[in-house]
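Take a look at the letters that make up each chain.
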Amino acid sequence: MTIDRAKLHILYLQIRDDQVTRREELQEFARHGQLDEKQFAVLNVFDQPNFAPDHADTYDAVFVGGSSDASVLKPDQYPFVQSAKQLLKHCVDQAIPVFASCFGFQLGVEALGGKVIHDPKNMEMGIYPMQLTSVASEDRLFSDTPDQFLVVSGHKERAFKLPPHTQLLAFTERCPYHAFKVMDKPFYGFQFHPEVDHHDLAARITRYQDRYLETDGALQAILNNLHPTPESNRLILKFVDRILLQKR
């Protein structure tokens, strides 16, 4: 049976507290997935921190974005963390496709039995070369991705241990766990930002520089090292085409 691309309906779990980035991130997922923004039902956890795990049941997929406003390691401060983790665990149990970026990656790691740590010493902020693992060559998303490609990455927290029953797909020199897939399930997590390209990065890091950058000249150093990230951005379209629409 052919699935109509225009009829896909995606639950978008958003963890952004400022209106500019809320709008920007939705546009990014829609643009790189070649979808209409109206196909995304936005559940912003700052507005609605409590929701049931089965909230995802009526959607074709769940997308989870990043956050510069919260931490998965502080569920007492951010009560939506527990609701989000339960929803992602439910998605795995019910085989609901998930595309989880950055904060979403960390939610998935913690929800499925892995561990996230605070590691500012190895913070990534900017454009980085990504390396694929050997198993990525057999993966539906990564099989035609070059072994090395550029990504946008921005985080102070990272996975220390992946959950059981997952496959590591990609890593960087600073971060040993950058992409994983749950075995035999349509769940993908990315510590990097497939939805963000170099133009998006320039705008966002300029807006958020006080949150991340502590030294004079750090912003300009990032802006001087901007490069296109097409293979990273293409992963969203591959997920839509190959996982949701079942195209080869």
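Structure's up top.
Please read all numbers here as calculations on a predicted model, not as lab measurements.

Calculation rules
- Residues numbered from 1 in each chain as written.
- Predicted model: local features only at pLDDT ≥ 70, side-chain atom pairs only at ≥ 80, totals over all residues.
- Heavy atoms only, no water.
- Phe/Tyr/Trp six-rings, centres within 6.5 Å; stacked < 30°, edge-to-face > 60°.
- Helix = DSSP H or I, 4+ residues; strand = E, 2+ residues; numbered from the N terminus.
- Buried < 20%, exposed > 50% of the residue type's maximum accessible area, 1.4 Å probe, protein only.
- Pairing = 2+ DSSP bridges.
- Axes fitted to C-alpha atoms, helices over the stretch in contact; angles between N-to-C directions.
- Contact = heavy atoms within 4.5 Å.

Chemist: Just checking my understanding: could you explain the packing of aromatic side chains for this structure?
Modeler: Each aromatic ring pair is specified by the distance between its two centres and by the angle formed by the two planes. Following the criterion strictly, the structure yields 18 aromatic pairs and no others. Residues F29 and F63 carry aromatic rings whose centres are separated by 5.5 Å and whose planes lie at 75° to one another, so their mutual orientation is edge-to-face. Here F63 lies in strand β3 (residues 61-64) and F29 lies in helix α1 (residues 19-33), a separation of 34 residues in the sequence. Judged by relative accessible area, F63 falls into the buried class, the value being 0%. Aromatic side chains Y188 and F239 sit 6.3 Å apart centroid to centroid with 85° between the ring planes, which places their arrangement in the edge-to-face category. Separated by 51 residues along the polypeptide, Y188 in strand β11 (residues 187-190) and F239 in helix α6 (residues 230-244) bring together distant segments of the chain. Look at Y188 and you get buried, because its relative accessible area is 0%. On the basis of relative accessibility, which here comes to 0%, the residue F239 falls in the buried class. By the ring-pair criterion, three or more aromatic residues cluster together here, those being Y12, F29, F40, F63, F99, F142, F149, Y188, F190, F192 and F239.

Chemist: Explanation requested: the sheet that holds strand β10 (residues 179-182) in the structure shown.
Modeler: The pairing of strands in a sheet happens through backbone hydrogen bonds and is either parallel or antiparallel. Read from one edge to the other, the open sheet built from nine strands follows the order β2-β1-β3-β4-β11-β10-β9-β6-β7, with strand pairing classed as mixed. Since the sheet does not close on itself, it has two edges, and those belong to β2 (40-44) and β7 (148-155), each with one partner. Going across the sheet, the axis of each strand differs from the next one's by a mean of 25°, ignoring polarity. Alignment of strand β6 (residues 124-132) against strand β9 (residues 166-171), held across two bridges, turns out to be antiparallel. Looking across to β9, one finds that L132 is bridged to A170. Where α1 meets the sheet, it contacts β1 (10-14), β2, β3 and β4 (98-101), and its direction lies at approximately 145° from that of β1. Sitting on the sheet, helix α3 (residues 103-111) is in contact with β3, β4, β7, β10 and β11, with an inclination near 115° to β4.

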